[in-house]
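# Breakdown of the fold
Each chain, letter by letter, is given below.
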Amino acid sequence: MTVRIKRSSPGIRALTELFELLEKSRPDDSYVNLYRGHPSKTYVLQPSIFRRKEYRRVEKNILRELIAIQPKEFREDKTAFEQLVRMQHYGLPTRLLDLTYNPLVGLYFACSMHADKDGEFLTFSLQKSEIKYFDSDTVSCVANLSNLTGRQRDEIRKFSTTSELNESDVGLRLLHFIKAEKPYFLPRIEMQDLKSIRAVRPKQTNQRILAQQGAFLIFGLVSTLQDSNNFGIRVTRKAIPAGAKKKLLEELDSININASTLFPEIDSAAKYIMSKITPLNDVDERAD
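Values in this document were obtained by computation on a predicted structure and should not be read as measured data. (Residues numbered from 1 in each chain as written. Predicted model: local features only at pLDDT ≥ 70, side-chain atom pairs only at ≥ 80, totals over all residues. Heavy atoms only, no water.)

## Considerations on the environment of Phe177
Counting through the fold element by element, Phe177 comes out in helix α9 (residues 169–181). On a C-alpha basis, the gap between Phe177 and Asn144 in space is 6.5 Å, while along the polypeptide they are 33 residues apart. Residues in contact with Phe177, not counting those within four places in the same chain, are Arg64, Asn144, Asn147 and Leu148. (Helix = DSSP H or I, 4+ residues; strand = E, 2+ residues; numbered from the N terminus. Contact = heavy atoms within 4.5 Å.)

## Here's the deal with unusual backbone geometry
One non-glycine residue, Gln213, adopts positive backbone phi at about 50°. In this structure, Asn256 takes a positive phi of about 70° despite not being glycine. You can see Asn256 is positioned in the loop between α12 (245–254) and α13 (259–262).

## Some words on the layout of surface pockets
Volume-wise, the largest pocket comes out at about 840 Å³. Looking at the largest pocket, it is lined by 32 residues, and the ones nearest its centre are Arg36, Gln88, Asp98, Phe109 and Gln212. Of all elements in the fold, only β3 (31–38), α4 (80–89), β4 (96–100), α5 (103–111), α11 (207–212) and β8 (214–219) reach the threshold of two or more residues within the lining of the largest pocket. In terms of residue count, β4 provides more of the lining of the largest pocket than any other element does, 5 residues in total. Looking at the lining of the largest pocket residue by residue, the classes come out as 16 nonpolar, 12 polar and 4 charged. (1 Å grid on protein atoms, 1.4 Å probe; cavity = no way out; pocket = protein on both sides within 12 Å on 5 of 7 lines; lining within 4 Å. Points joined across faces, edges and corners; volume = space filled by probe spheres on them. Nonpolar A, V, L, I, M, F, W, Y, C, P; charged D, E, K, R; others polar.)

## Regarding the confidence of the model for the chain
Any segment with low pLDDT has predicted coordinates that should not be analysed in fine detail. Summing up the model confidence of the chain, the mean pLDDT is 89 and the portion of residues at 70 or higher is 89%. The spread of mean pLDDT over the elements of the chain runs between strand β2 (residues 6–8), the lowest at 49, and α5, the highest at 98. Under a pLDDT of 50 for its full length, residues 280–288 has, in the predicted model, 1 contact with residues more than four places off or in other chains. (pLDDT = per-residue confidence, 0-100.)

Written out as structure tokens, the structure reads:
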């Protein structure tokens, strides 16, 4: 099924307009909406690992280097997907794209940067049955592409059938990584899974994921979610005028959607507190 991205206007200028939009776009019982915010309309639906060629070439090494340096941080992670989620948390390039179940969080990220540029509020509508959980076999197959070299992934792209993949040396290499986390997995990796983009519901163990009600799109051998796609993902974009960003952030702050609540780490909380303090020139310097 081919799905086209819809662009609508005018933009969101107040929270009341967001709530009206959500009421009009409420999905039926078999669908779910996920959200994302872009502070500029130049942003592309593309994971960070695909934005630079050198990242793609060394994807496997990026993961191993971080685990080698900080092994304790990864000791609870049992799968490649969980490792990718932790890498995403620390700002390293991965094949994951952040989404949220909370539209207010998506709106915050659309307004949080580039005050002089129009942003976008994106809604992703897809069937509930298409959302995979963190322990899905499909997610394991796609996530473990990160354990292959760039050349090995290029080799997989040349295969046209599942049998070609599973009979190849690179297919056996990928199977090795999958079975390391799923010993019961049968030696049959589906090519269409590797060429897919899947929505994934992660474990809510990471403080930031919990605070942001996070979800992810995981990209296989596809680098970009195009305006016209056959992944069953309907994307609707709503403009956020640059002039409305400040007001929207103030309204979000009034209902406790801000940097302190969405980034619960202590350094983020400290920055938020300092941003709310009266400028130094206005401070009464007398001792309490």
